[in-house]
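# Overview (structure and organization)
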Amino acid sequence: MKKILIFAVVMVGMISFTSCSKDDGPGVQKGKTAKFTLSAPGLTSEDIVAFVFTGSMNGQVSGTSWKINGITQDNQGVIQIKNELLIGNKTVIVETTKPLDNIIVTFGGSSDNTPYTIKLRAEINGKIENDISDIVNQTYSKSLNY
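Residues numbered from 1 in each chain as written. Predicted model: local features only at pLDDT ≥ 70, side-chain atom pairs only at ≥ 80, totals over all residues. Heavy atoms only, no water.

### As for the overall build of the protein chain
Stated precisely, the cut-off is as follows: Strands here mean DSSP runs of E at least two residues long; helices mean DSSP runs of H or I at least four residues long; both are numbered from the N terminus. Exposure is judged per residue with a 1.4 Å probe applied to protein chains only, and the accessible area is read against the type maximum: over 50% gives exposed, under 20% gives buried, and values in between give partly exposed. Contacts are assigned to residue pairs with any non-hydrogen atoms lying within 4.5 Å of each other. Each accessible area is a Shrake-Rupley estimate made with a 1.4 Å probe; only the visible protein chains count as cover when residues are assessed.
For the protein chain, the helix and strand inventory stands at 1 helix and 11 strands. Starting at the N terminus, the α and β elements of the protein chain follow one another as α-β-β-β-β-β-β-β-β-β-β-β. Here the protein chain, with 146 residues, has 30% of them falling under the buried criterion. For the protein chain, restricting intrachain contacts to residue pairs at least 6 apart in sequence, the fraction spanning at least 24 positions comes to 70%. With the model as given, the accessible surface of the protein chain reaches about 9100 Å², and the carbon-plus-sulfur share is 54%.

### Quick look at the sheet that holds strand 10 (residues 127-136)
As a reminder, the rule being used: A pair of strands counts as paired when DSSP detects no fewer than two bridges linking them.
Pairing within the open sheet is antiparallel, and its 6 strands lie in the order 5-4-7-1-9-10. Edge positions in the sheet fall to strand 5 (71-72) and strand 10, since each of these pairs with one other strand and no more. Where strand 1 (residues 34-39) meets strand 9 (residues 116-124), 6 bridges bridge the pair, whose relative direction is antiparallel. In the strand pairing of strand 9, Leu38 is matched with Leu120.

### Some remarks on the pairing of strand 10
The pairing of strand 9 with strand 10 spans 9 bridges and is classified as antiparallel. Bridge pairing links Leu120 to Ile132 in strand 10. Here strand 9 folds back onto strand 10 in antiparallel fashion, the turn holding 2 residues, of which Asn125 has a positive phi close to 50 degrees.

### Digging into the packing of aromatic side chains
As a reminder, the rule being used: Aromatic contacts are taken between Phe, Tyr and Trp rings whose centres are within 6.5 Å, Trp giving its six-membered ring; a plane angle under 30 degrees counts as stacked, one over 60 as edge-to-face, and the others as tilted.
Taken as a whole and judged by the stated rule, the model has 5 aromatic pairs. Judged by centre distance (5.9 Å) and plane angle (50 degrees), the rings of Phe36 and Tyr146 are tilted. Separated by 110 residues along the polypeptide, Phe36 in strand 1 and Tyr146 in the segment after strand 11 (139-145) bring together distant segments of the chain. In this structure Phe36 comes out as buried when scored by relative accessible area, which is 0%. Judged by relative accessible area, which is 12%, Tyr146 ranks as buried. Relative to Phe107, the ring of Phe51 has its centre 5.5 Å away and its plane inclined at 15 degrees; by these criteria the two rings are stacked. Placement of the pair is Phe51 in strand 2 (residues 48-57) and Phe107 in strand 8 (residues 102-110), with a sequence separation of 56 residues.

### As for the environment of Asn58
With respect to the helices, strands and loops of the structure, Asn58 is situated in the loop between strand 2 and strand 3 (60-61). For the pair Asn58 and Gly31, spaced 27 residues apart in sequence, the C-alpha separation works out to 9.4 Å.

### With respect to the pattern of salt bridges
Side chains that differ in charge, positive against negative, can pair when their charged atoms come close. The test is simple: Basic side-chain nitrogens of Lys or Arg form a salt bridge, by our definition, when they fall within 4 Å of a carboxyl oxygen of Asp or Glu.
Throughout the structure, instances matching the rule amount to 1 salt bridge. The residue Asp134 makes a salt bridge to Lys142 at a minimum N-O spacing of 3.8 Å.

### Notes on the pairing of strand 8
Bridge analysis of strand 2 against strand 8 gives 9 bridges, and the strand direction is antiparallel. Residue pairing in the sheet places Phe53 in a bridge with Val105 of strand 8. Direction of pairing for strand 8 relative to strand 11: antiparallel, over a ladder of 7 bridges. In the sheet register, Val105 faces strand 11, and the bridge partner there is Leu144.

Shown next, in the form of structure tokens:
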């Protein structure tokens, strides 16, 4: 009985610390907005490239989190951009549809023939955080967390 009482007191204490927070008032936006500009100059149909975007809010992968070239991706907390959207020196813009607590971008590729370039520009809350331009000779991978 004593263990149950101690457990109950500890749980009530934990709940009291986590359930109440300072009210930031109306109009205060939590989380981060993001805009990513991607391209892969020199990419051919024989090469491989992929960008994967994951967004979460309150520790949960969030439903509709992304737009690709202005088109909302319904019910997608994770999206992937592959070769077909980037071949021919095309640029793809990926944006959040709502503020997110955590954004993970994983990208990479491979080339058996001639090298190509992976470009990623990350703007978080309107500020440039990364402007990456790396050459893919054989294999390449990178992960960023915002």
